[in-house]
Amino acid sequence: MTRPKIFITRIIPDLGLNLVKEHYLPDIWTHDLPPSRDELIARSRGVDGLLCLLTEKADGELMDAIGPQLKVISNMAVGVDNIDVPAATARGIPVGNTPGVLTDATADQAFALMLSAARRIVEADRFLKAGKWVTWHPSLLLGADFAGSTLGIVGFGRIGQAVAKRAQGFDMRVLYHSPNAPPAYGAQPVDMDTLLRESDFVSVHVPLKPETKHLVNAEFLSKMKPNAVLVNTARGGVLDQNALYHALKSNQIFAAALDVTDPEPLSLDSPLLELENCIIVPHLGSASKKTRDMMSLLAAQNLVAGLKGERLPNCVNPEVYKASS
Ligand code: GLV
């Protein structure tokens, strides 16, 4: 039997990489920047397994270029919007992701952003470092309170629920909007208009899909309170950045804090960068050492299972197994 071929599109943490290496001799993209489209196609042609990151677009064209021997695509991320999952399903290829292990880190990041925007931490840091701190003043850099405020969570999956759990400790009232998600952590299900009308903080936790593209648009923002803070740790495409710029610039809402943008990296020409009331960080929701280790392990486990013809421990298109069972 010939040895399965694998392409891993970046150096991932050792926990996952070593698991793959115990079984196989993977080809690894060792640069910090992702492979270009041409490089991705060239290096993955003929492989049996692809382990990629959210920076790689795995569409039907790539799958066809790789060839019919492709047994598994393992994404080192929970979101799979970079993968054309229906195209993989149509070709019988299971797609793996890394749910659960990044829930707490991402909820922590949403909270860190919410606190930073509410208490103007980034602005205050810049203020101090620019030598503007001359005295303590009763009205210097005043922000918003958490206790007694209302948090609206859009999308109540694992991460949305972990945000609700944290909000309990801050004495916040929590509303959520998410079709079919049962209540948890004292959060109350409401329709979207109620959530936007009543929330002082709105945190977005929906996957990017055609139906959630630009869910946060001019109309959505116009329904928010003037003191409201918007936080997005989901995907940049869920938000219309142009509409957000106008809402922030005209003080229609108080502030925004974004972990994700569209595109990534955000162009340095983006007008959002001019705004004092907009915090933007470079997609760091899952960026803790332990979380990235665990993500690499789950991604490796999915890859190895797929190569062995076993069911992926975390498969986003389990319907591929129905066809063959
Ligand atoms: C990160 O954004 C992920 O989807 O894992």
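Residues numbered from 1 in each chain as written. Predicted model: local features only at pLDDT ≥ 70, side-chain atom pairs only at ≥ 80, totals over all residues. Heavy atoms only, no water.

## What about the domain arrangement of the protein?
For the protein, the assigned domains read domain 1 (6-100 + 289-324) and domain 2 (103-280). The distance between the C-alpha centroids of domain 1 and domain 2 comes to 32 Å. Contacts between the two partners involve 6 residues from domain 1, matched on the other side by 5 residues from domain 2. Sorting the residues of domain 1 by area buried against domain 2 places Leu54, Asp81 and Gly100 first, and these three jointly supply 66% of that buried surface. Inspection of the region where domain 1 meets domain 2 yields 1 salt bridge. Where domain 1 packs against domain 2, one counts 2 residue pairs in polar contact (both at pLDDT 80 or more). Of the residues contributing to the side of domain 1 that touches domain 2, the split by class is 2 nonpolar, 3 polar and 1 charged. (Domains from an automatic or database assignment. Contact = heavy atoms within 4.5 Å. Buried area = accessible area lost by both parts, 1.4 Å probe. Salt bridge = Lys/Arg side-chain N within 4 Å of Asp/Glu carboxyl O. Polar contact = N/O pair within 3.5 Å; in protein donor to acceptor, adjacent residues only side chain to side chain. Nonpolar A, V, L, I, M, F, W, Y, C, P; charged D, E, K, R; others polar.)

## A few points about the sheet that holds strand 7 (residues 173-177)
Strand order across the open sheet formed by 7 strands is 8-7-6-9-10-11-12, with parallel pairing between neighbours. In this open sheet, the two strands that pair with only one neighbour each are strand 8 (188-189) and strand 12 (278-280). Helix 7 (residues 158-169) contacts strand 6 (150-154) and strand 7 of the sheet and is inclined by roughly 170° relative to strand 6. (Pairing = 2+ DSSP bridges. Helix = DSSP H or I, 4+ residues; strand = E, 2+ residues; numbered from the N terminus. Axes fitted to C-alpha atoms, helices over the stretch in contact; angles between N-to-C directions.)

## Things to note about the site of the ligand
Residues in close proximity to the ligand include Leu54, Ala77, Val78, Gly79, Leu102, Arg235, His283 and Met295, which together make up its full environment. Within the contact set of the ligand, an oxygen atom lies 2.7 Å away from a side-chain nitrogen or oxygen of His283. Protein burial of the ligand: of its 190 Å² of free accessible surface, 90% is covered by the chains. (Near = heavy atom within 4 Å. Areas by Shrake-Rupley, 256 points an atom, 1.4 Å probe, with all protein chains shown as cover.)

## Here we look at helix 5 (residues 103-118)
Helix length check: helix 5, at 16 residues, gives a terminal C-alpha distance of 22 Å against a target of 22 Å (1.5 Å per residue), a fit within 8%. Extensive coverage of helix 5 is indicated by the burial of 12 of its 16 residues. When helix 5 is considered as a whole, its buried residues turn out to be Thr103, Ala105, Thr106, Ala107, Gln109, Ala110, Phe111, Leu113, Met114, Ser116, Ala117 and Ala118. Taken from the residues just after helix 5, Arg120 is the one with a positive phi, measuring 55°. (Expected span 1.5 Å × (residues − 1). Buried < 20%, exposed > 50% of the residue type's maximum accessible area, 1.4 Å probe, protein only.)

## Thoughts on the pattern of salt bridges
Applying the stated rule across the entire model yields 19 salt bridges. Among the salt bridges present, the one from Lys225 reaches Asp200, with a minimum N-O distance of 2.9 Å. Remark: Asp200 occurs in the loop between helix 8 (192-198) and strand 9 (201-204) and Lys225 occurs in the loop between helix 9 (218-222) and strand 10 (229-232); sequence separation between them is 25 residues. We classify Lys225 as partly exposed; its relative accessible area is 24%. Overall, the relative accessible area of 12% leaves Asp200 in the buried class. The residue Asp262 makes a salt bridge to Lys213 at a minimum N-O spacing of 3.7 Å. Residue Asp262 is located in the loop between strand 11 (255-258) and strand 12, and its partner Lys213 is located in the loop between strand 9 and helix 9; the two are separated by 49 residues in the primary sequence. On the basis of relative accessibility, which here comes to 44%, the residue Lys213 falls in the partly exposed class. Counted as one network, the salt bridges with shared partners bring together Arg37, Lys57, Asp59 and Glu61.

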